[in-house]
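Residues per chain, in single letters:
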Amino acid sequence: MDSMRVFSLWASLVCFLSIISYAGGQNKIFTVTDYGAVADGKTDSSQGFLNAWKGACATDGGVVAVPLGTFFVSGATFEDYWILFDEIDRLTIFGNGTFYGNGESAWPHNQCDKTLGCKKPPTSIKFHNVRNSVVRGINSVNSKMFHLNLHKCENVLLKNVDIIAPVDSPNTDGIHIGKSNGIEITASRISTGDDCISIGDGSTNINITSVFCGPGQGISIGSLGKYNNEEDVVGITVKNCTFSDTDNGLRVKTWAPSSMPVTVSTFTDHNVEDAVCPLAWRVRSWDQRCEVHKREGDFSNRSCSGCSMQQGQAMPGHTVRGA
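The notes below deal with the structure included here. (Residues numbered from 1 in each chain as written. Predicted model: local features only at pLDDT ≥ 70, side-chain atom pairs only at ≥ 80, totals over all residues. Heavy atoms only, no water.)

## Some thoughts on the overall build of the chain
Here is step 1 of the chain: Along the backbone of the chain there are one helix and 26 strands.
Here is step 2 of the chain: When contacts within the chain are restricted to residue pairs at least 6 apart in sequence, long-range pairs at least 24 apart make up 74% of them.
Here is step 3 of the chain: With the model as given, the accessible surface of the chain reaches about 13,600 Å², and the carbon-plus-sulfur share is 47%. (Helix = DSSP H or I, 4+ residues; strand = E, 2+ residues; numbered from the N terminus. Contact = heavy atoms within 4.5 Å. Areas by Shrake-Rupley, 256 points an atom, 1.4 Å probe, with all protein chains shown as cover.)

Okay, structure coming up:
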């Protein structure tokens, strides 16, 4: 089991938080302050967190405990993430701690929405090859880019997660999912400057329920079709969600030309308040510098106020299937 690696120019944890590397049997507690972490918001506590994590990983049922306080966590290497959980089975993270990414220091320099091939700021928390795990009750505030990124994960539950960033913060997706299966997001609140939840290629059996989204850009599938050998997106369920002051409810984004199938199993029983478009399909081609939109929807079993619908052209070469 790999250690948790912590990299950032500036970030902090405001906690109580527990991280369990194996949720079973008698758990031994590894408190980060016992390993050199200092809750003064100034002292670099990276090594204290790493040492506590290594101790927990060396036992059968170790718990990393982060007591109440503000911890400054930084590193010498600038990667595409701040905190990485890698190759872990049965991980549990719970508590009411806050991961504060200090995104306001990076947003003015982020030109990725205007420049192709830009250097992207780091994601706050990345889960890679994490399986059969639970993330519950945590908060993420002002990430530099994505708040949470799940890549090649399986059977992960995210519950009572609270994500906050200003509406004008660039690329601050709340939760991004890619090449993952069996991800459930429920009873959470996401208010950010980009997609509340974004779903990339190779994602299957994604279940999103009782999520409050807004402000932000809604829940997005894609962008898809930009690269060769991308995998299909199948079995997306979005149910009983609230969209408030969002650009969209559910949006599918694709690059032209593209023929990737997307299967949306369920999109129903939502409360949509002041969303520009509850359902949106968008195709983009940087080569042609053009965008073609299609916005439509069947709003039975949905409460929708302040929604405007605009009819456009269908996306060429792209299939959206309702299971």
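## Here we look at the nonpolar core
Here is step 1 of the chain: Ranked by size, the top nonpolar core spans 55 residues in total, and within it Phe-85, Phe-127, Leu-158, Ile-175 and Ile-208 carry the most contacts.
Here is step 2 of the chain: Not counting residues within four places of it along the chain, the set of residues in contact with Phe-127 comprises Phe-85, Leu-91, Ile-93, Val-135, Leu-148, Asn-149, Leu-150, His-151 and Cys-153. (Core = buried A, V, L, I, M, F, W, Y, C linked by side-chain atoms within 4.5 Å. Buried < 20%, exposed > 50% of the residue type's maximum accessible area, 1.4 Å probe, protein only.)

## Observations regarding the packing of aromatic side chains
Here is step 1 of the chain: Evaluated as defined, the whole model comprises five aromatic pairs.
Here is step 2 of the chain: Centroid distance Phe-30 to Tyr-35: 6.2 Å. Interplanar angle 40°. Geometry classified as tilted.
Here is step 3 of the chain: With relative accessibility at 5%, the residue Phe-30 sits in the buried group.
Here is step 4 of the chain: Both rings, one in Trp-82 and one in Phe-99, keep their centres 6.1 Å apart while their planes meet at 80°; by these two values the pair is edge-to-face. Of this pair, Trp-82 sits in strand 5 (residues 81–89) while Phe-99 sits in strand 7 (residues 98–100), placing them 17 residues apart in sequence. Across this residue pair, the class does not change: Trp-82 and Phe-99 are buried.
Here is step 5 of the chain: Three or more aromatic residues joined by ring pairs make a cluster, and in this case those are Trp-53, Phe-85 and Phe-127.
Here is step 6 of the chain: Lying across the ring of Phe-212, Arg-189 places its NZ or CZ 3.9 Å from the centre. (Phe/Tyr/Trp six-rings, centres within 6.5 Å; stacked < 30°, edge-to-face > 60°. Lys NZ or Arg CZ within 6 Å of the ring centre and 35° of its normal.)

## Points about the state of the cysteines
Disulfides are covalent bonds that link the sulfur atoms of two cysteine residues.
Here is step 1 of the chain: All told, the structure shown has one disulfide when counted by the stated rule.
Here is step 2 of the chain: At a sulfur-sulfur separation of 2.1 Å, the disulfide partner of Cys-196 is Cys-213. The disulfide joining Cys-196 to Cys-213 has a torsion of about 85° about its S-S bond and is therefore right-handed. Here Cys-213 lies in strand 16 (residues 204–213) and Cys-196 lies in the loop between strand 14 (181–191) and strand 15 (197–199), a separation of 17 residues in the sequence.
Here is step 3 of the chain: Judged by its relative accessible area of 1%, Cys-213 falls in the buried class.
Here is step 4 of the chain: Free of any disulfide, Cys-241 has its nearest neighbouring cysteine sulfur in Cys-213, separated by 8.2 Å.
Here is step 5 of the chain: On the basis of relative accessibility, which here comes to 2%, the residue Cys-241 falls in the buried class. (Disulfide = S-S within 2.5 Å.)

## So, the environment of Phe-212
Here is step 1 of the chain: Locating Phe-212 in the fold gives a position in strand 16.
Here is step 2 of the chain: Measuring from C-alpha to C-alpha, the distance between Phe-212 and Cys-196 comes to 8.9 Å, with 16 residues separating the pair along the chain.
Here is step 3 of the chain: Beyond its immediate sequence surroundings of up to four residues, Phe-212 is in contact with Ser-188, Arg-189, Ile-190, Thr-242 and Ser-244.

## Description of unusual backbone geometry
Here is step 1 of the chain: With an omega of -5°, the peptide bond running from Gly-214 to Pro-215 counts as cis.
Here is step 2 of the chain: Residue placement: Pro-215 occurs in the loop between strand 16 and strand 17 (219–224).
Here is step 3 of the chain: Residue Ser-223 is reached from Gly-222 by a cis peptide bond, and omega for that bond is 20°.
Here is step 4 of the chain: Tracing the backbone shows Ser-223 in strand 17.
Here is step 5 of the chain: The residue Asn-132 is not glycine, and still its phi comes out positive at about 50°.
Here is step 6 of the chain: Locating Asn-132 in the fold gives a position in strand 8 (residues 123–136).
Here is step 7 of the chain: Accessibility expressed as a relative area gives 40% for Asn-132, which makes it partly exposed.
Here is step 8 of the chain: In this structure, Asn-205 takes a positive phi of about 55° despite not being glycine.
Here is step 9 of the chain: Mapped onto the secondary structure, Asn-205 falls in strand 16.
Here is step 10 of the chain: Taking the relative accessible area as the measure of exposure, Asn-205 reaches 47% and is therefore partly exposed.

## Examining helix 1 (residues 46–57)
Three or four residues apart is the spacing at which side chains of an α-helix point the same way, because the helix has 3.6 residues per turn.
Here is step 1 of the chain: Compared with an ideal rise of 1.5 Å per residue, which puts 12 residues at 16 Å, helix 1 spans 17 Å between its outermost C-alpha atoms and is within 8% of the ideal.
Here is step 2 of the chain: Residues of helix 1 that are buried: Ser-46, Gly-48, Phe-49, Leu-50, Ala-52, Trp-53, Gly-55 and Ala-56. (Expected span 1.5 Å × (residues − 1).)

## Quick word on the pairing of strand 14
Here is step 1 of the chain: Sheet topology places strand 11 (residues 154–159) next to strand 14; five bridges connect them, and they run parallel. Bridge pairing links Val-156 to Ile-183 in strand 14.
Here is step 2 of the chain: Looking at chain direction, strand 12 (residues 162–164) and strand 14 are connected through three bridges and run parallel. Bridge pairing links Ile-163 to Ile-190 in strand 14.
Here is step 3 of the chain: Sheet topology places strand 14 next to strand 16; eight bridges connect them, and they run parallel. Across the sheet, Arg-189 pairs through a bridge with Phe-212, a residue of strand 16. (Pairing = 2+ DSSP bridges.)

So yeah, pure geometry; function would need other evidence.
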